[in-house]
Amino acid sequence: DFRQTIRVAEEKVFPTLVYIRVVCKELSDGKNQKAVVSGSGVVITPDGELLTNHHVIEKATEIRCLLTNGESYSAKLLGSDKDLDIALLKLERPEGAKPLPFAKLSNRGREIGDVVLAMGAPWGLARSVTMGIISCKDRYLDGDGQYTLWYQTDATISPGNSGGPLVDTYGRVVGIHRRGHALGA
């Protein structure tokens with residue numbers, strides 16, 4: 001039953017999903033104003049490192065992350081790459097906090113037709129999962145980095161899912177998605 005395959009992948013990754021709320025500065029009409037943006041992320045280490053998109057945290061003055069279990073932490077930016085649209089954050093947790101569940105990264109490439117699941121926390125609400133296939137594995141997007149190739153998927157990616165994981169049927173992260181494309185893990 002394919003539904004069971006999806007449930008297994010979901011059980012592995014849902015506990016690692018993060019809703020990210022970012023306060024950033026914007027100059028509008030000559031005034032320095034605050035704006036709030038949001039996205040998703042995925043925990044990749046037991047001590048709270050997580051991946052998201054660069055465009056989610058760009059211009060951030062404050063990053064707040066809500067875990068699936070209801071815990072909320074500030075996060076600091078460890079590094080990001082605008083061309084790859086990827087960012088690495090670290091949750092600021094108390095010393096000696098228990099290890100977090102984390103998603104495993106896939107170490108193999110994807111092929112056209114591979115089934116994938118797009119997971120995230122759209123609008124900060126309940127976690128979501130949609131299913132599709134890799135429809136192109138070498139998509140070049142003009143303006144998104146001269147040497148960057150993206151996976152294209154037909155899995156629905158809802159607003160607020162940017163930065164969430166694209167997952168294979170084994171529950172491994174194969175990419176970080178944005179607008180119908182994913183940067184391979």
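Everything below is about the structure shown above.
Residue positions are given per chain, counted from 1 along the sequence in the order it is written. Only residues with pLDDT of 70 or above have their local features reported here, since the model is predicted, and side-chain atom pairs are shown and tallied only from 80 upward, although totals for entire chains, interfaces and linings are computed over all residues. Here the side-chain values reflect all heavy atoms present in the structure, with hydrogen atoms and water set aside.

Participant: Any chance you could break down the side chain of H177 for me, citing the residues and the numbers?
Facilitator: Only DSSP runs of H or I covering at least 4 residues are called helices, and only runs of E covering at least 2 are called strands; the numbering of each starts at the N terminus. On the secondary structure map, H177 appears in strand 12 (residues 172–178). The exposure class assigned to H177 is buried, which follows from its relative accessible area of 0%. Any pair of nitrogen or oxygen atoms within 3.5 Å is treated as a polar contact; in protein, a donor-acceptor pairing is required on top of that, and neighbouring residues in sequence qualify only through side-chain atoms on both sides. A polar contact of 2.9 Å, which involves the side chain of H177, links it to the backbone oxygen of M119. A distance of 3.2 Å separates a polar atom in the side chain of H177 from the backbone oxygen of N161. The buried label goes to any residue with under 20% of its type's maximum accessible area, the exposed label to any with over 50%, and the partly exposed label to all in between, with areas taken from a 1.4 Å probe on protein chains only.

Participant: Give a description of the environment of T153 that names residues and reports values.
Facilitator: Its location among the elements puts T153 in strand 10 (residues 149–153). Taking the C-alpha atoms as reference points, T153 and D114, separated by 39 residues in sequence, lie 9.6 Å from one another.

Participant: Before we move on, can you summarise the nonpolar core with the specific residues and values?
Facilitator: Ranked by size, the top nonpolar core spans 18 residues in total, and within it I20, L50, I63, C65 and L91 carry the most contacts. Broken down by secondary-structure element, the contributors of at least two residues to this core are strand 1 (17–28), strand 2 (31–43), helix 2 (54–57), strand 4 (60–67), strand 5 (72–81) and strand 6 (86–91). Here I63 is in contact with I20, R21, V22, I57, Y73, S74, A75 and L89, once residues within four sequence places are set aside. Residues belong to a common nonpolar core when they are buried Ala, Val, Leu, Ile, Met, Phe, Trp, Tyr or Cys residues joined through side-chain atoms within 4.5 Å. Should any heavy atoms of two residues lie within 4.5 Å, those residues are considered in contact.

Participant: Outline the environment of I63, supporting the account with residue identities and numerical values.
Facilitator: Relative to the elements of secondary structure, I63 occurs in strand 4. Each C-alpha atom of the pair I63 and K76 lies 7.0 Å from the other, and the pair is 13 residues apart in sequence.

Participant: Tell me about the pattern of salt bridges, residues and numbers included.
Facilitator: Salt bridges are counted wherever a side-chain nitrogen of Lys or Arg sits within 4 Å of a carboxyl oxygen of Asp or Glu. Tallied over the entire structure, the rule returns two salt bridges. With a shortest N-O distance of 3.2 Å, K90 and D47 are connected by a salt bridge. Placement of K90 in strand 6 and of D47 in the loop between strand 2 and strand 3 (49–52) is noted, with a sequence separation of 43 residues between them. Here K90 falls in the partly exposed class, since its relative accessible area comes to 22%. The partner of D168 in a salt bridge is R172, and the shortest N-O contact between them spans 2.9 Å.

Participant: So what about the pairing of strand 6? Which residues, and what values?
Facilitator: Any two strands with at least two DSSP bridges between them are considered paired. When strand 3 meets strand 6, the two strands line up antiparallel, connected through four bridges. Opposite L51, over in strand 6, you have L88 as the bridge partner. With six bridges connecting them, strand 5 and strand 6 associate as antiparallel partners. Of the residues in strand 6, the one forming a bridge with K76 is K90.

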